[in-house]
Amino acid sequence: MKRNHGPLRPRTFKLFFSLSFCLSLLLPAFVQAAEDRSMVVEEILVTGTKREQAAQDVPIAVTAISEEQIKRQFRTDILALGEMTPGVALGQVAGFRAIAGGVRGTGQNSILVTQDSSVVVLVDEFALSNVQAQFVEMFDVDRVEIYRGPQGTLFGKSATGGAISIITKRPVMNEYSADLEMQYGVFNGDDGPNNSAIEKYRAAVNIPLIEDKLSMRMTAILDKDEGYYTNDKNTSTFQDSWLLGFAPVPSDIETRTTGSGENLNDTDVFAGKIKILFQPTENYEAYFLYEHLNDDSGSPPGVNESEPTMLLPALGFPSIKSAGHGDVLSTGVTNQCFEGNSEALCVTAGHRVDVDGYQLHQTLTLDHFVLKAIAGYRNQEEILPSTYTGEAYASLFDASRNTTREQTQYEIRATSTFDGPFNFVAGVSYAEEETEMLAWATVGLLSLVTFVDEDRNDGIAAPLLNPDGTLNLDSSFQSDPAMGGASQDRETTAIYADGSYEVNDRLTLTAGLRYTDDEKDFFRRANSGGPCTALTPMKDQVVLGGTCLDARSNAVSRVGVDFSNKDLHAFHIPLPNSAFAIADKFNDSWDEITYRLVADYDVSDDAMVYVSYATGFIPGGYTETCSSLETCEPFDSETNWNAEVGFKGQFLNNSLQTNVALFYTEYEDLIRSQVVPFTDPFGLTTQETINVNAGVSQAQGIEIEGTWLVTGRLQLGLNFAYLDHEYDEFELDGVDFSNRDVPFSPEFKWGASATYEQEIAAGTLTWNALYSHQDEVEMSVFNSPLTQMSEWDIIDANVTYRPSDERYFVTLWGKNLTDERTRMAANSVAGLWNFTMYGRPLSYGLELGVSF
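Remember, it's a predicted structure, so these values are computed and weren't measured experimentally.

Visitor: Hey, could you run me through the state of the cysteines in this one?
Guide: Note: disulfide means a covalent bond formed between the sulfur atoms of two cysteine side chains. Following the criterion strictly, the structure yields three disulfides and no others. Between C532 and C548 runs a disulfide, and the two sulfur atoms are separated by 2.0 Å. Taking the sign of the S-S torsion, about -75° here, the bridge from C532 to C548 comes out left-handed. A residue pair is termed long-range when its members are at least 10 positions apart, and C532 in the loop between β24 (507-526) and β25 (541-544) and C548 in strand β26 (residues 547-550) qualify at 16 residues. Residue class for C548 comes out partly exposed when judged on its relative accessible area of 24%.

What follows is the structure in structure tokens.
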């Protein structure tokens, strides 16, 4: 979707102007006479193969991003990694701070907490395979390693697309140091709130405790902004809609349809880490890490981009476009916060996430082996209330997904250091995960289509009008939340080995194998349909097969004993299991053998070619949003295999570095998530998200990366990806969908960067310009209208001043200089409505940093 700015500010002019501006910053480099090589092409060591190797020596398609690159390009947001890496298409799950998308055409567009993503994210080797947990703030980072293609042998399950490994900075022995940074900026796009403030504060302190033996590093970040959406969409006319316009609504039906104009989607995140490194002897070290995160950000709003044939427009809530409302950053959220209770369902309280994590890494170095033991624990609590419709009406569909997740991970491995041609790494790992998800929802749109029938068993239709001439609507759906939830206990055990043999000075053969067993115990409670009780009003009593069932048995009003919305707790359901139509346990396990075979050949001292074959899998599982026994049955594992030919080389005295990968991947038993209609036994139609195994797809493509140190002061970077990804089979309920485009599979994607260092009398100016392009890409399994991630052309630039002693720096930065409106998330909800989210508009500001 492209915005039309009118004749005075056409998009092509802004793009041309920004490119020209960026090039003008770099022009002095081409007339620079001096050949002082103040910059170098970095050699980055990576550890994803469980061995420490230079990234250029690893026969895998891996992008290694250093701390310097992250700082230079202001890429602390994990989603921005997609702009720096070929083959990576990342977006956001609509309504959440969670990752959608993946690598090489993989990716989920769902918030399901019991479903693994296709790309595993690791922070200091602790695996996060769920999309909400993966939305991490990258700070205090030493490097990022992005492995493309299935990594089932080295990283295990849930890495069919690849793996993103984030390695943070370790304590340094015998060194006192401190780094303090402050960033200030504003959003100032054509749409949305002007001059909405951005603030970010970072601090890192390194303290030696015992000389040569014990050191500590403490880091913290405070990230705040005021948001770039506004709650002021004013296009709703539901009282005049064709469904409701023939009579007034009753007084207990809310009529407010416009928000109060406040900013939305604000950020308020604090994160801190304490790291202690203990090295009592030359061959042993213990490394302890503690992390804490507190996120009190606003609820991410949706934008109503429904089709005219959907239910919401029919009720008088048109999409922004059909209403002639062109500002995609002007939207609506409810003020729902029942009786001041911010615990369970309170949209105005925002999304709240709390994390505490602990890790202990122990390493023992022997004559021919390095032994490593890793133990980690992470507890995460989430309270995630959202308005999913993009409307400020009291409630059309508001829900809160509140989750607790405890993860425990252990790994022991041995890495050989033989002098001969053969070396290996082998290990075992064990992980436990306990997840409890509770949900509260008010489906208020049902109040606009449901008429009160005081005797649902007499065969007489409910009257349309009350005696006072108002519509006989049932307001309870707006004010009496329903509840449900799911829990899952999971155990994963794996054993693996990976070895390399140097046939001669040029040729090396590598083979790896992993066996994984994944077992899940799943419990689901959902839906109304429990037996009638003394609290069931006549209008909700339905007799089926001689039994009285409560059509709203899972509502708050059924708890009784003076219980109301103000008494709800975020992580406790007050109703017994008998109040739900489904309250069942399920158990299953999945095992898989994944492997890889690689041959790499040094064509010269500075160039290598490799051929590889690798496999990966996502374990089968359960969908925590299932609404029937049939859809609660488990789905099977998704598997894939990948054949690849790659080239890595350094030329021109190591000033030019190029990497190329050509690949073919086949995915089988594809796991697909989709929101579909669900009609309960009482005739009410809502929606459910389900996972199914839907077929086979084939992907082939090419990825290119290059870094060129043109002079000692000018460095250029390039990444390019072409992807051809199609379904070979895709069938749901007997319908052939194989002609659909595969989600998160842009045909073309590329980016370029330029860095120029300019010596001045008082120090150095470093100029940076970055450009990123991605073709339009589908996000919905069924390619629904207006669920495409927009084609984008993003340009960022910054300039940094450092004095000669480099004790401080000052950076002037700008992001999204052409003020693109990029749809980054979308969800088409079962024909009822469609809601979307957009990326950040133009922003700019200043960053200051000082080192001691």
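That covers the picture; the talk isn't over yet.
Visitor: I would appreciate a short explanation of the sheet that holds strand β43 (residues 833-838) in the present structure.
Guide: Sheet strands associate in pairs through backbone hydrogen bonding, adopting either a parallel or an antiparallel arrangement. Pairing is antiparallel in the open sheet, where three strands are placed in the order β17-β43-β42. This sheet does not close on itself; its edge strands, each paired only once, are β17 (303-304) and β42 (823-829). Pairing geometry for β17 and β43, over two bridges, is antiparallel. Across the sheet, the residue bridging to V303 is T836, located in β43.

Visitor: Help me out: how do you make sense of the pattern of salt bridges in this one?
Guide: This model, assessed by the stated rule, comprises 42 salt bridges. In this structure, E644 engages R104 in a salt bridge whose closest nitrogen and oxygen atoms are separated by 2.9 Å. Taken together, the residues E644 in strand β29 (residues 638-651) and R104 in the loop between β5 (99-103) and β6 (119-123) connect sequence positions 540 residues apart. When its relative accessible area of 4% is taken as the criterion, E644 is described as buried. As a salt-bridge pair, K372 and E125 come within 3.1 Å of each other at their nearest N and O atoms. You can see K372 sitting in strand β20 (residues 369-387) and its partner E125 sitting in the loop between β6 and β7 (126-128), a full 247 residues away along the chain. Residue classification places K372 among the partly exposed positions, given a relative accessible area of 21%.

Visitor: Explain the nonpolar core here, please?
Guide: Among soluble globular proteins, nonpolar side chains are generally buried collectively. Judged by nonpolar contacts, the single largest core of 66 residues is most densely connected at Y229, F317, L445, L448 and W833. For this core, the secondary structure elements donating two or more residues are β15 (267-281), β19 (351-365), β40 (792-803), β42 and β43. If we ignore the near neighbours within four places in the chain, the residues touching F317 are S236, F238, T257, N304, L312, E391, Y393, L396 and L448. The next biggest cluster of nonpolar side chains, apart from the first, holds 21 residues, and it includes I65, V88, I99 and V123.

The rules behind these values
Residues numbered from 1 in each chain as written. Predicted model: local features only at pLDDT ≥ 70, side-chain atom pairs only at ≥ 80, totals over all residues. Heavy atoms only, no water. Disulfide = S-S within 2.5 Å. Helix = DSSP H or I, 4+ residues; strand = E, 2+ residues; numbered from the N terminus. Buried < 20%, exposed > 50% of the residue type's maximum accessible area, 1.4 Å probe, protein only. Pairing = 2+ DSSP bridges. Salt bridge = Lys/Arg side-chain N within 4 Å of Asp/Glu carboxyl O. Core = buried A, V, L, I, M, F, W, Y, C linked by side-chain atoms within 4.5 Å. Contact = heavy atoms within 4.5 Å.

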